[in-house]
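Geometric and topological summary
This is what each chain is made of:
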Amino acid sequence: MHCWKTQTRSLRPDSAMLASLARRGGVAHRGFWRQDGRSFARILSTSASDQESALQNAMLSSFQRWFAAYGGTTSGISMVQTPSIGWGLTASRDVDVGERLILLPRVLQMTYSLQDRESTSSSDQATAELDRGPDTPLYLKGLIAKVPDELWSVRLGLALLHERALGGKSPFFQYISLLPAMHRGLPLFFGREAVDALQYLPLVVQVKRRSRFLIDYSSGPLKDVTAGKDGETESVPFDGYSVGADALGWAFACASSRAFRVAGEGKPAAMLPLIDVANHSFEASAEVRAAVGEGPGAIEMVALRPLRAGDEVTLNYGNLSNDHFLLDYGFVPQGINKHDTASLRWDVSYLEAAREVAGLAQVPFAAGPEPWQSAMLSELGLDKDPEVLVTRDERQPVDARLLAGIRVLYASGPEDFSSGGSGEALQPLRHGALLELTLDRTKEAYALRTAQAALALALGNFPTTLKEDETKLEELTAELAELSGVGDALEKENLALAVKFRKGKKEVISRAMKAIDERLRVVLAS
């Protein structure tokens, strides 16, 4: 038995040479995947050495040959890199709507399988092809099985580390060589100052939870893994390399920021070479879908609208909050993200404090709910799931359960909700709409003022104001323009991201307060 603990080689995340060179201070370059798919052209700034340029060209040429050799095709796209957005895709010519830009056979999709090939029945073979990658070693299956389902990107990251450890023996060697050595913008790699600058506990908790898992998993299952038998072949974990929290963090970040759930929810995710270069836009110009008639599991990227030469080719990563974009992808979308939210918790004592702020401390309020009120609050699910969201939806800026719950606590009895018709009181969630006069005019005003004050308290819990955040962002932008060292710039970039993120949360809450205030004026004028 080949014991894991005897291995002395270390798999470190800084071995991705191209990414290390590309992100070195002063190197700004652009690369093009030509329309005919035959070659890359490279243009580097004068600060890049001839040696760096030659190495980058060689690695990209190797990737291009690998991509074509395994059946990947491209048409009408260029792969580019700029200092402002990093890698991205653009149209190299005019493209028609529905035109295929990239074809990616199953063999070019990096994933894993928890199924045994022998155990798959012939009737399930086609479906199973979408659910599994190449044969996955038993040791890797065991490691993956010890990762919770919600951390699917760690599972894929382990498969990535397995392929990376194989080096030139891996069929994905050329692709892995181009992955970034470090991941800018991901809070998982923030320093203490940048984490503190987030000022938003739900995200900080997520960052710390992920960090703790990586550390515990690295010192537990990863440290204890041993070699095993795959049939007649001995499987050596990670080809003899030691894997610690740093390498696992790198792989986790690669997977979370680049993977696609092409097989569906609950199935292994996959990394899609070249397609994963496309940047995000809520108004995406392309989409990824199954490539009908191109073999089991093949996928394609097609244009969603006509494109002119030079237009950016983008994908919609999902209608996500800024929490997800920053935590998984390392950026906050430009402009207004209408899907962003801010999180509050249902807490009657917190609502009592809000009533104090609103000047309603003497108004009857069921801080100790009656049985009928407790039943309605329970039906709203506030006892089991106390998180309530604030959104950018002006018609419903706060979770309907929050408004419904506050209205229930101001009501004298179920009959207060009888205006909605027979049986309405038995469906409390219907009493959460902002634009409906659920209670009488006076109690409705109390409920709206309480909700507004609760948001004011949430806003006041941030150590800085919106105005201070705007000033801080201006300062950081000016400082970044003067920095030349990558290390110094990285810390400033992370700080700027943290400030931009928290500023967005305050804007969500402020807009919700404004929407409730406008509704309150209508109620009082009625």
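All values reported here derive from a predicted model rather than from experimental measurement.

What about the packing of aromatic side chains?
Here the structure, examined in full by the defined rule, presents 16 aromatic pairs. Measuring from ring centre to ring centre gives 6.0 Å for Phe-63 and Phe-67, while their planes differ by 35 degrees; the resulting arrangement is tilted. Placement of both Phe-63 and Phe-67 in helix α2 (residues 50-69) is noted, with a separation of four residues, approximately one turn of the helix. The residues Phe-63 and Phe-67 share a single accessibility class, namely buried. Centroid distance Trp-66 to Phe-172: 6.2 Å. Interplanar angle 65 degrees. Geometry classified as edge-to-face. Of this pair, Trp-66 sits in helix α2 while Phe-172 is found in the loop between α5 (152-166) and α6 (173-176), placing the two residues 106 residues apart along the sequence. For Trp-66, a relative accessible area of 6% translates into the label buried. Through pairs of rings, three or more aromatic residues link up here, namely Phe-63, Trp-66, Phe-67, Tyr-70, Phe-172 and Tyr-175. Here the guanidinium or amino end of Arg-164 rests over the ring plane of Trp-250, the centre of that ring lying 4.1 Å away.

Overview of the sheet that holds strand β14 (residues 286-290)
The strand order across the open sheet built from four strands is β4-β7-β15-β14, with neighbouring strands paired in antiparallel fashion. At either margin of the open sheet sits one strand with a lone partner, and together these are β4 (73-74) and β14. Direction of pairing for β4 relative to strand β7 (residues 100-104): antiparallel, over a ladder of two bridges. When the sheet's bridge partners are listed, Thr-73 is paired in β7 with Leu-103.

Description of a negative patch on the surface
On the surface, Glu-193, Asp-196, Asp-488 and Glu-491 cluster together to form a negatively charged patch. Looking at the negative patch, the elements that each hand over two or more residues are α7 (192-198) and α17 (486-525). On the secondary structure map, Glu-193 appears in helix α7.

Brief notes about helix α13 (residues 371-379)
If you check which residues of α13 are buried, you get Gln-373, Met-376 and Leu-377. When α13 is viewed along its axis, its buried side chains cluster within an angular range of 100 degrees and face the same direction. The exposed set on the far side of α13, more than 90 degrees from its buried face, consists of Pro-371 and Glu-379. Packing partners of the buried residues in α13 comprise α14 (400-410). Downstream of α13 by one or two residues, Gly-381 has phi in the positive range, about 80 degrees.

A closer look at empty space enclosed by the protein
Tallied over the entire structure, the rule returns two cavities of 30 Å³ or more. Approximately 70 Å³ is the volume attributed to the largest cavity. Forming the walls of the largest cavity are Leu-186, Pro-187, Leu-188, Val-207, Arg-210, Phe-252, Ala-253, Ser-256 and Leu-327. For the lining of the largest cavity, the elements supplying multiple residues, two or more each, are α8 (201-219) and α10 (245-258). Looking at the lining of the largest cavity, the element that brings in the most residues is α10, giving three residues. In the lining of the largest cavity, the residues fall into seven nonpolar, one polar and one charged. Here the second largest cavity defines a volume of roughly 40 Å³. Of the residues belonging to the lining of the second largest cavity, the class tally is six nonpolar, no polar and one charged.

Quick notes on the pattern of salt bridges
Summed over all chains, the structure comprises 27 salt bridges. In this structure, Glu-99 and Arg-93 form a salt bridge, with 2.5 Å as the shortest nitrogen-oxygen distance. The partner of Arg-401 in a salt bridge is Asp-399, and the shortest N-O contact between them spans 3.6 Å. Across the pair, Asp-399 and Arg-401 agree in class, each one buried. Residues participating in the shared-partner salt-bridge network are Arg-100, Glu-287, Arg-289, Glu-294 and Glu-300.

Some words on the confidence of the model for the chain
Here the chain averages 83 in pLDDT, while 81% of its residues score no lower than 70. Low pLDDT, under 50, characterises residues 12-48; the predicted model gives this stretch 110 contacts beyond four residues in sequence or across chains. This model gives residues 420-426 a pLDDT under 50, and the stretch forms eight contacts once residues within four places in sequence are excluded.

Criteria and thresholds
- Residues numbered from 1 in each chain as written.
- Predicted model: local features only at pLDDT ≥ 70, side-chain atom pairs only at ≥ 80, totals over all residues.
- Heavy atoms only, no water.
- Phe/Tyr/Trp six-rings, centres within 6.5 Å; stacked < 30°, edge-to-face > 60°.
- Helix = DSSP H or I, 4+ residues; strand = E, 2+ residues; numbered from the N terminus.
- Buried < 20%, exposed > 50% of the residue type's maximum accessible area, 1.4 Å probe, protein only.
- Lys NZ or Arg CZ within 6 Å of the ring centre and 35° of its normal.
- Pairing = 2+ DSSP bridges.
- Patch = residues over 30% accessible without salt bridge, like charges linked within 9 Å, V, L, I, M, F, W, Y side chains within 5 Å.
- Areas by Shrake-Rupley, 256 points an atom, 1.4 Å probe, with all protein chains shown as cover.
- Salt bridge = Lys/Arg side-chain N within 4 Å of Asp/Glu carboxyl O.
- Lys, Arg positive; Asp, Glu negative; His and termini not counted.
- Charge placed at Lys NZ, Arg CZ, Asp CG, Glu CD.
- Arc of directions from axis to C-beta.
- Contact = heavy atoms within 4.5 Å.
- 1 Å grid on protein atoms, 1.4 Å probe; cavity = no way out; pocket = protein on both sides within 12 Å on 5 of 7 lines; lining within 4 Å.
- Points joined across faces, edges and corners; volume = space filled by probe spheres on them.
- Nonpolar A, V, L, I, M, F, W, Y, C, P; charged D, E, K, R; others polar.
- pLDDT = per-residue confidence, 0-100.

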